[in-house]
Amino acid sequence: MPGLLDTLLGQEPAVATLRRALAVDKVHHAYVFDGPDGVGKEMAAFGLAQALLCERRGTTVEGARGLFGPEPPTVFPTTEACGTCSACTRSLLRPGEKRPVHPDLVVLERGLYEASQIGRRTPETQDISVDQVRTLVLARAAFGPHEGRAKVFIIRRAEELGISAANALLKTLEEPGNRVHFLLLSSVPDRLLPTIRSRTQRLRFAPLPAATVALILEKEGKSKEDALRLSARSEGSLARARQLGDPAATATRDEFVARARDALRQNSILPALAIAEEGKKEKAELAVLLDALAIAFAEEGRSAALAGEGDAADRASVCFSRVLRATRELDRNASPQLTVEALFLELRG
Ligand SMILES: [Zn+2]
């Protein structure tokens, strides 16, 4: 079974950089993996963690005594996880789980832990709290690896680190313990505090080529036709393509479009602001919702034009371009929630 890093498609330059670092044992102690959502940043982070934790990487294991004498020894390369040792298996996420079981691989994410687990009274809704950093990082980073060959912290959506959380992390980022590594994931790295940015090494992940997205979808069981159709609308994000092809997500999209259109018809502004709450969703998910809304406006414009209702067709076309623009802003340095809020105020106006 290959290591996870070995199975990551479409991010060859980033993976090559990580392999070179592994080969010469110079893996940086703090990276920011930056790039759009759904292009493999998280998979690369888990792949690097797996390689750092693997018990066999870079070792030679004596061959067993076979029927015809001793078998040749197995030499494991220094650049890859073996994929099969206990550390390798426990570094992977099991289906449906958001945290691996290996004690030396710790995941931080807003809302990932119960309030009581991180010593809080209230749930973490706004940001990754200083409590999470204290409980998960400061209490552990000072000690070396628990059992493995390294200790790895993966921070999902690192731009959500609160100011005090980021400050609490700074000292550890500056002087981490021996063999301690931080992998910060972000689609909007410009929103990280400059002090964090200056202590980390940036590694870029590009949008995936549509052909790669289609290939992965086909491997996951989609028909060739569906894979091509979804990948064409994915903008290089596998997460987005998966959302588009998921029937449960289709129901969510229809519900969102109905709710959005209803909110725009109301006199009160409150339903529109309630929709802006959707901005707290994962960005790939939100982009898919906005896409569905744009398509609804496009269809409305087309039927209005066919019915000879020029004004209605124009209005729908303006709404269509506004939604498209908001979708593009999501990918840049914008707060998703503010983007959605501004969009709905504009659509009402
Ligand atoms: Zn291994």
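None of the values given here were measured: they were computed from a predicted structure. (Residues numbered from 1 in each chain as written. Predicted model: local features only at pLDDT ≥ 70, side-chain atom pairs only at ≥ 80, totals over all residues. Heavy atoms only, no water.)

1. Some points on the coordination of the zinc ion
The following threshold applies: Only N, O and S atoms count as donors, using a 2.8 Å limit from the metal and a wider 3.2 Å limit for Na, K and Ca, and since water is excluded some coordination spheres may look unfilled. Helix and strand definitions follow DSSP, with helices as H or I runs of at least four residues and strands as E runs of at least two, each counted in order from the N terminus. Exposure classes here rest on a 1.4 Å probe applied to the protein chains alone. A residue is buried below 20% of its type maximum, exposed above 50%, and partly exposed in between.
Protein ligation of the zinc ion involves C54 (SG), C82 (SG), C85 (SG) and C88 (SG), the donor distances falling in the range 2.3 to 2.4 Å. Spacing between the donor residues of the zinc ion along the chain follows C-x27-C-x2-C-x2-C. Here C54, found in the loop between helix 2 (41-53) and strand 2 (60-61), pairs with C82, found in the loop between strand 5 (74-75) and helix 3 (86-91); they are 28 residues apart in sequence, far enough to count as distant. Grouping residues by exposure puts C54 and C82 together as buried.

2. Some details on the packing of helix 4 (residues 130-141) against helix 5 (residues 163-174)
Basically, it comes down to this: Lines are fitted to the C-alpha atoms to define the axes, a helix being fitted only along its stretch in contact, and any angle between axes, read from their N-to-C directions, falls within 0 to 180 degrees. Roughly parallel here means an angle under 35 degrees, roughly antiparallel means over 145, roughly perpendicular means 65 to 115, and every remaining angle is called oblique. Crossing handedness is defined as follows: a turn of the near helix away from the far one that is anticlockwise and smaller than a right angle gives a left-handed crossing, while the clockwise case is right-handed. Whether two residues touch is decided by their heavy atoms; if any such pair falls within 4.5 Å, the residues are in contact.
Put simply, helix 4 and helix 5 touch, their axes get as near as 9 Å, and they point 10 degrees apart. When the axis of helix 4 is compared with that of helix 5, the two are roughly parallel. Handedness of the helix 4/helix 5 crossing: left-handed. From helix 4, V130, V133, V137, L138 and A141 reach across to helix 5, where they touch S164, A165, A168, L169 and T172.

3. Details of a nonpolar patch on the surface
Where we set the bar: Two joining distances apply to patches: 9 Å for like charges and 5 Å for nonpolar side chains (Val, Leu, Ile, Met, Phe, Trp, Tyr), and every residue must have over 30% relative accessible area and no salt bridge. Using the Shrake-Rupley algorithm and a 1.4 Å probe, accessible areas are obtained, with residue cover drawn only from the displayed protein chains. One side-chain nitrogen of Lys or Arg within 4 Å of one carboxyl oxygen of Asp or Glu is enough to make a salt bridge.
A cluster of nonpolar side chains, I269, L270, L273 and L345, forms an exposed patch at the surface whose accessible area comes to about 330 Å². When you line up the elements, L273 lands in helix 11 (residues 270-276).

4. Some words on the pattern of salt bridges
Evaluated as defined, the whole model comprises 25 salt bridges. Linking K98 and E109 is a salt bridge whose minimum nitrogen-to-oxygen distance equals 3.3 Å. With K98 in the loop between helix 3 and strand 6 (105-108) and E109 in the loop between strand 6 and helix 4, this pair connects stretches of sequence that are 11 residues apart. Using a relative accessible area of 3% as the deciding quantity, one classes E109 as buried. In this structure, the salt-bridge partner of E346 is R325, at a minimum N-O distance of 2.9 Å. Taken as a pair, E346 in helix 14 (residues 336-348) and R325 in helix 13 (residues 310-331) lie far apart in primary sequence, 21 residues in all. Owing to a relative accessible area of 37%, R325 belongs among the partly exposed residues under this scheme.

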